[in-house]
Amino acid sequence: MSRPGSRRAARLGGAAALTGAGVLAWSLAEARAFVLRRVQVPVLAAGDLPLRVLHLSDLHLTPRSRRERDWVAGLAALEPDLTVVTGDLLAHVDAVPTVVVALGGLLQRPGAFVLGSNDYHAPVPRNPLRYFRGPSAVDRDPVPLPTQDLVAALTGPGWVDLTNRRDTVQVAGRPVRLVGVDDPHLRRDRMPGPERGRREPGLRLGVSHAPYRRVLGAMADDGADLVLAGHTHGGQVCVPGLGALVTNCDLPRQFAKGLFAWPSSRAADDGFSAPRSSWVNVSAGLGTSPFTPVRLACRPEATLLTLVPAA
């Protein structure tokens, strides 16, 4: 005859197992529950017409990512004025054709991109608990991915590669000045030198894969009106009411995803006002590593940012 304490422990153990199985099932389903987040950002000059910028990040595509591929392809119907991709498109050596299909009609419109670590090296199985010890490190013998094929597939139709460089694109009949860096997570970021000649007015966007504080600060100091980044997956596994547990970089957890302001260290032009700041949008991204295809309280997302005049 079993003791009451043993029966109680068995019931508690069974309940815990059922709860764990339910959370796992939910997190597997949530990783495929893509959502479009819509955000308004007050960065334009008075009188300017709104601009719509589609921000995509961390797709982590493989040839089998058909559901995600088709969902992203459907975003072309939004007809954004500009699409910006903040890296980690690949998760497989044969994924470039999948990327091309996913971006589809978006490649026929103005676009720009930077690369992330997973556009250089294939993902590997990792112990998720390692992320609590700090940002992940590159493996000693990483498997290379077809980075140049990816870049060619994006620049061929006319998208702008912002790997440690500046460029200007015409968007809805007006110039948008862009600056980007290679992946800070791999310490490949080299902020381009200042613009030459007279600084022209107009919208300025900064683009980076990983939102390390040194990069956000450099872009705010450079005068970016809006900085776009990804990498964090929004924490990927979050606690309801608490939020992200990790960011996989040096960004504080409360900034793991969403829109926020980041201050510049430079004094205002008049020498008296408080230093200006840049808006930053960190995308929670659309994909995951194929070895950890789960999300909890952090749905995969694309972001449609409507830029409007500042008050």
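The structure we're discussing is the one just above.
Residues numbered from 1 in each chain as written. Predicted model: local features only at pLDDT ≥ 70, side-chain atom pairs only at ≥ 80, totals over all residues. Heavy atoms only, no water.

K.L.:
Explanation requested: the environment of W262 in the structure shown.
P.N.:
You can see W262 is positioned in strand β12 (residues 258-263). The spatial distance from the C-alpha of W262 to the C-alpha of M219 is 9.5 Å, given a sequence separation of 43 residues. Residues contacting W262, with those up to four places away along its chain left out, are R213, L216, G217, A220, L251, F255, S277, S278 and V280. (Helix = DSSP H or I, 4+ residues; strand = E, 2+ residues; numbered from the N terminus. Contact = heavy atoms within 4.5 Å.)

K.L.:
Even after reading the chapter, I still don't get the pattern of salt bridges, so can you show me in this structure?
P.N.:
A side chain of one charge can pair with a side chain of the opposite charge if their charged atoms are brought near each other. In this structure the tally under the stated criterion is nine salt bridges. E301 is the partner of R37 in a salt bridge, and the nearest nitrogen-oxygen pair spans 3.1 Å. Taken together, the residues span a long stretch of sequence, with R37 in strand β1 (residues 35-44) and E301 in strand β14 (residues 301-309) at a distance of 264 residues. The salt bridge involving D167 is made with R165; its shortest N-O contact spans 3.1 Å. Classification of R165 by relative accessible area gives partly exposed; the value is 33%. (Salt bridge = Lys/Arg side-chain N within 4 Å of Asp/Glu carboxyl O. Buried < 20%, exposed > 50% of the residue type's maximum accessible area, 1.4 Å probe, protein only.)

K.L.:
In this structure, what is going on with the side chain of T86? I would like to understand it.
P.N.:
For T86, the position within the fold is in strand β3 (residues 82-86). Aside from chain neighbours lying at most four places away, what touches T86 is H55, L56, S57, V114, V207, S208, H209, L228, A229 and G230.

K.L.:
Just to check I follow, could you spell out the packing of aromatic side chains for this structure?
P.N.:
A ring pair, where both rings are aromatic, is described by two values, the distance of the centres and the angle of the planes. Going through the model one piece at a time under the given rule, you end up with four aromatic pairs. Measuring from centroid to centroid gives 5.5 Å for F34 and W71, while their planes differ by 40°, and the two rings are tilted. Remark: W71 occurs in helix α2 (residues 66-73) and F34 occurs in the loop between α1 (4-30) and β1; sequence separation between them is 37 residues. Overall, F34 belongs to the buried group, its relative accessible area being 12%. Using a relative accessible area of 25% as the deciding quantity, one classes W71 as partly exposed. Three or more aromatic residues joined by ring pairs form one cluster here, namely F255, F260 and W262. Lying over the aromatic face of Y120, R188 brings its terminal NZ or CZ to 4.0 Å of the ring centre. If you follow R214 out to its NZ or CZ, it ends over the ring of Y212, 5.0 Å from the centre. (Phe/Tyr/Trp six-rings, centres within 6.5 Å; stacked < 30°, edge-to-face > 60°. Lys NZ or Arg CZ within 6 Å of the ring centre and 35° of its normal.)

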